Amino acid sequence: GIATGKYHGAILTNSEEWEVKSLEAGRKSGDLLAPIIYCPELHFSEFASAIADMKNSVADRSNAQSSCAGLFVGANLGFDYPGIWMHVDMATPVHCGERATGYGVALLLTLFGNYTNCKLLNSIAWNDFEPPSKRICRD
């Protein structure tokens, strides 16, 4: 929420293609996303532990927690993991005061709707997307 504000989730992935698909799905669904910085080489010290290989918590909560979460995912999958992974940090937009917003449901249905036989989900899922570039939200 510090990096993206109250209304945007953050997307962190090891695939530029899926980052773009996620941003498009966010614009189409209304569950907006913003890409965030991923610098795992700068954040290993956040997970230092006298007992474990890595703590499941950062030492400094003001030091790019979302990027640290990506490091945690990458480290636990293995940095040589050949597949694609995504981390959608939605801790801030999922609530408004004491109420849940429902953020993320439409985003994930739009993003993954092409991978089902459901015609309704197919109709809202992304089809073609623009190549990666800085652009304004037009949808």
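Calculation rules
Residues numbered from 1 in each chain as written. Predicted model: local features only at pLDDT ≥ 70, side-chain atom pairs only at ≥ 80, totals over all residues. Heavy atoms only, no water. Helix = DSSP H or I, 4+ residues; strand = E, 2+ residues; numbered from the N terminus. Buried < 20%, exposed > 50% of the residue type's maximum accessible area, 1.4 Å probe, protein only. Polar contact = N/O pair within 3.5 Å; in protein donor to acceptor, adjacent residues only side chain to side chain. Contact = heavy atoms within 4.5 Å. Salt bridge = Lys/Arg side-chain N within 4 Å of Asp/Glu carboxyl O. Pairing = 2+ DSSP bridges. Axes fitted to C-alpha atoms, helices over the stretch in contact; angles between N-to-C directions. Parallel < 35°, antiparallel > 145°, perpendicular 65-115°, else oblique. Left-handed = near helix turned anticlockwise from the far one by under 90°. Nonpolar A, V, L, I, M, F, W, Y, C, P; charged D, E, K, R; others polar.

## Digging into the side chain of Thr-4
Point 1. Checked against the element boundaries, Thr-4 lands in the segment before strand S1 (9-13).
Point 2. According to the relative accessible area criterion, Thr-4 is buried, its value standing at 17%.
Point 3. Among the polar contacts made by the side chain of Thr-4, one reaches the main-chain carbonyl oxygen of His-8 at a distance of 2.9 Å.
Point 4. Leaving out residues up to four positions away in the same chain, Thr-4 has contacts with Gly-9, Ala-10, Ala-34 and Ile-36.

## Examining the pattern of salt bridges
Point 1. This model, assessed by the stated rule, comprises two salt bridges.
Point 2. With a shortest N-O distance of 2.9 Å, Glu-17 and Lys-21 are connected by a salt bridge. Taken together, the residues Glu-17 and Lys-21, both in helix H1 (residues 16-29) and four residues apart, mark about one turn of the helix.
Point 3. Across the salt bridge formed by Arg-27 and Glu-24, the nearest N and O atoms sit 2.8 Å from each other. Residue Arg-27 and its partner Glu-24 are both found in helix H1; the two are separated by three residues, about one turn of the helix. The pair Arg-27 / Glu-24 is uniform in exposure class, with both members buried.

## Examining the sheet that holds S1
Point 1. Spatially, S2-S1-S3 is the arrangement adopted by the three strands of the open sheet, whose pairing is mixed. Only two strands of the sheet have a single neighbouring strand rather than two, namely strand S2 (33-35) and strand S3 (86-89). Between one strand axis and the next, the sheet turns by 30° as a mean value, whatever way the strands run.
Point 2. In this sheet, S2 lies alongside S1 in parallel orientation, the contact comprising three bridges. Counted as the bridge partner of Gly-9 is Leu-33 from S2.

## Remarks on the packing of H1 against helix H3 (residues 105-112)
Point 1. Contact geometry of H1 with H3 gives a least axis separation of 8 Å together with a crossing angle of 125°. As summarised for this structure, H1 and H3 are arranged oblique, according to the angle between their axes. Judged by the sense of rotation from one axis to the other, the crossing of H1 with H3 is right-handed. Residue-level inspection shows Trp-18, Lys-21, Ser-22, Ala-25, Gly-26, Lys-28 and Ser-29 of H1 in contact with H3, the latter providing Ala-106, Leu-107, Thr-110, Leu-111 and Phe-112.
Point 2. When the residues that make up the contact of H1 with H3 are grouped by side-chain class, the tally is six nonpolar, four polar and two charged.

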